[in-house]
Structure formats: structure tokens, C-alpha cells
Amino acid sequence: MTEGVYSCMERITEIKKRFGLMNENAKTNQETEVSGSEGDLKRTFSEILSDRTGVSSSQQGNLSKGDIENLIEKISIKEGVSPSLVKAVVENESSYNTMAVSPKGAMGLMQLMPETAKELGVNDSFSAEENIEGGIKYLKGLLNKYQWDYKKALAAYNAGPKLVDSYNGVPPIKETADYVKRVLDSYRKEQESVEEE
């Protein structure tokens, strides 16, 4: 069990180093702590992970789905984007996991690539609020670009605007077509549940 915890922590550190998310002090502390100590065995996984990554416990996934949905509602309404659409994107991008990292390096709830996050002013992609704010701004920009055509905007969110522009619609890429369908299905279900309340 302990080996698994250390393996996970080392992987998180590797990702943070790769994307420049650690300062030099954190790197030095990380290198001296990786060997572990007897005291680590008496502490919770959450405490160890927080020490090792510098990420607060609220950012490690301690936020409930309800907490995240409340953030989505608040920020979506402020930005003028359908909360149901944003929830559908979050569900399909990260399954509400604030610490999600894709094989390509996209991070957090709305799976922002490091360069995109930087352009959107997101300093910590694992912060639920920052990630949602940045993701909604990006999604809103795509919705505006494509005159609120959800299919085109979602395809661009997944595959990038250049591909959508070159095909003047959803590009013939199975992953993107499947993504658009899944998000729209989730969106419709979310809309139905809102209407029932």
C-alpha cells in the first residue's frame, strides 16, 4: 500500500515538474521527502499527498460533486453559458475529478492544456474554481465564434478550432464525433432533470 502511495506521489511530482508547476523550494523539499519516514505511515493519504504536491486538500478531490456543480452554476450564470452544458463537458472531460490529468497533459475538471490555461489566466488547473472559470471562458469564446452552434463549439473544444474551421463543422474524426455526441446526450439529460425540479 505504501509503495503505491509513493509511486502516485512521484508521478504527480513528475507531472508538476514537466509543466513547471513547482518552484525550486518545492522541488528540493520533494527530493528530500521522497524517501519517506516512519511518521508518514501514521498520517492520512490526503495529508501526505498535500505535503508532497503543495495542493490543498480541497483541490485533491475533497469537493463533492454537489460543491462542483454549485461552482459551475455560479460561474456559468455569471458568464452567460448554460450550466447544463458546462456540467456535461465536466462530466465527459474529467468525471468531476479535480485532479484529472490526460495522457496528453490536459488538467483538472475541464481538462485544460497548460498553454490554454496560461492564456486564460489559470494559475492552478487543479483548483476547481480557477479551472471552471478558465474552461467556461474558453467554451464561451468557442460558442461566440460558432454563433452558439453547440456541435461546432464542442468539436472545437475537443479537436481545436482549426480542424472545425477547415471542415466547416465537426471533423470526420471518430473521437471528436463520439465526444460531441456524448456531451450533447449528457446535456439533454441534465436539461431534463432541471425541468423536472
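Residues numbered from 1 in each chain as written. Predicted model: local features only at pLDDT ≥ 70, side-chain atom pairs only at ≥ 80, totals over all residues. Heavy atoms only, no water.

(A) Looking closely at the overall build of the protein chain. Counting its secondary structure elements, the protein chain contains eleven helices and zero strands. Moving toward the C terminus, one meets the helices and strands of the protein chain in the order α-α-α-α-α-α-α-α-α-α-α. Taking the contacts inside the protein chain whose residues are at least 6 apart along the sequence as the reference set, 47% of them involve residues at least 24 apart. Carbon and sulfur atoms make up 48% of the accessible area of the protein chain, which amounts to about 10900 Å² in all. (Helix = DSSP H or I, 4+ residues; strand = E, 2+ residues; numbered from the N terminus. Contact = heavy atoms within 4.5 Å. Areas by Shrake-Rupley, 256 points an atom, 1.4 Å probe, with all protein chains shown as cover.)

(B) Main features of the packing of helix 5 (residues 65–79) against helix 8 (residues 128–145). At their nearest, the axes of helix 5 and helix 8 sit 10 Å apart, and the two run at 40 degrees to each other. Accordingly, the angle class assigned to the pair helix 5 and helix 8 is oblique. Crossing angle aside, the handedness with which helix 5 passes helix 8 is right-handed. Here Ile68, Leu71, Ile72, Lys74, Ile75, Ser76, Lys78 and Glu79 of helix 5 come into contact with helix 8, specifically with Ala128, Glu129, Ile132, Glu133, Ile136, Lys137 and Lys140. Grouping the constituent residues of the contact of helix 5 with helix 8 by class yields seven nonpolar, one polar and seven charged. (Axes fitted to C-alpha atoms, helices over the stretch in contact; angles between N-to-C directions. Parallel < 35°, antiparallel > 145°, perpendicular 65-115°, else oblique. Left-handed = near helix turned anticlockwise from the far one by under 90°. Nonpolar A, V, L, I, M, F, W, Y, C, P; charged D, E, K, R; others polar.)

(C) Local environment of a negative patch on the surface. Judged by side-chain charge, Glu192, Glu195, Glu196 and Glu197 come together as a negatively charged surface patch. Inspection of the secondary structure assignment puts Glu196 in helix 11 (residues 174–196). (Patch = residues over 30% accessible without salt bridge, like charges linked within 9 Å, V, L, I, M, F, W, Y side chains within 5 Å. Salt bridge = Lys/Arg side-chain N within 4 Å of Asp/Glu carboxyl O. Lys, Arg positive; Asp, Glu negative; His and termini not counted. Charge placed at Lys NZ, Arg CZ, Asp CG, Glu CD.)

(D) View of the environment of Leu154. The residue Leu154 is located in helix 9 (residues 150–159) in this model. Judged by relative accessible area, which is 1%, Leu154 ranks as buried. Distance from Leu154 to Tyr179, taken between C-alpha atoms, is 8.0 Å for residues 25 residues apart in sequence. Look past the residues within four positions of Leu154 in its chain and what remains in contact with it is Leu85, Val89, Leu139, Tyr179, Val180, Val183 and Leu184. (Buried < 20%, exposed > 50% of the residue type's maximum accessible area, 1.4 Å probe, protein only.)

(E) Region of the structure containing the packing of helix 6 (residues 83–94) against helix 8. At their nearest, the axes of helix 6 and helix 8 sit 11 Å apart, and the two run at 115 degrees to each other. Crossing geometry of helix 6 relative to helix 8 is assigned as right-handed. Every residue of helix 8 that contacts helix 6 at Leu85, Val86 and Val89 is listed here: Ile136, Leu139 and Leu143. Classifying every residue of the contact of helix 6 with helix 8 by side-chain character gives six nonpolar, no polar and no charged.

(F) Representation of helix 11. Across its 23 residues, helix 11 extends 33 Å between first and last C-alpha, which sits within 8% of the 33 Å expected from 1.5 Å per residue. Buried within helix 11 we find Thr176, Tyr179, Val180, Val183, Leu184, Ser186, Tyr187 and Glu190. Close packing links the buried residues of helix 11 with helix 6 and helix 9. (Expected span 1.5 Å × (residues − 1).)

(G) Highlighting helix 8. Taking 1.5 Å as the rise per residue, helix 8 with 18 residues should run 26 Å; its terminal C-alpha atoms sit 25 Å apart, in good agreement. Those residues of helix 8 hidden inside the fold are in contact with helix 5, helix 6, helix 9 and helix 10 (161–167). Immediately downstream of helix 8, the backbone of Gln147 shows phi near 50 degrees, a positive value.

(H) The environment of Ala117, seen in detail. Along the polypeptide, Ala117 turns up in helix 7 (residues 114–119). Among the residues examined, Ala117 registers a relative accessible area of 3% and is labelled buried. With eleven residues separating them along the chain, Ala117 and Ala106 place their C-alpha atoms 9.3 Å apart. Among all residues touching Ala117, those that are not within four sequence positions of it are Leu112, Val122 and Ser125.

(I) Molecular detail of the nonpolar core. Core analysis: the biggest nonpolar cluster contains 34 residues, and Val86, Val89, Ile132, Leu139, Leu154 and Tyr157 have the highest contact counts within it. When residues of this core are traced back to their parent elements, those giving at least two are helix 5, helix 6, helix 8, helix 9 and helix 11. The dominant element in this core, judged by the number of residues it contributes, is helix 8, at six residues. Once residues within four sequence positions are removed from consideration, Tyr157 is found in contact with Val89, Glu93, Met110, Leu112, Gly135, Tyr138, Leu139, Leu142 and Tyr179. (Core = buried A, V, L, I, M, F, W, Y, C linked by side-chain atoms within 4.5 Å.)

By themselves these figures say nothing about function.
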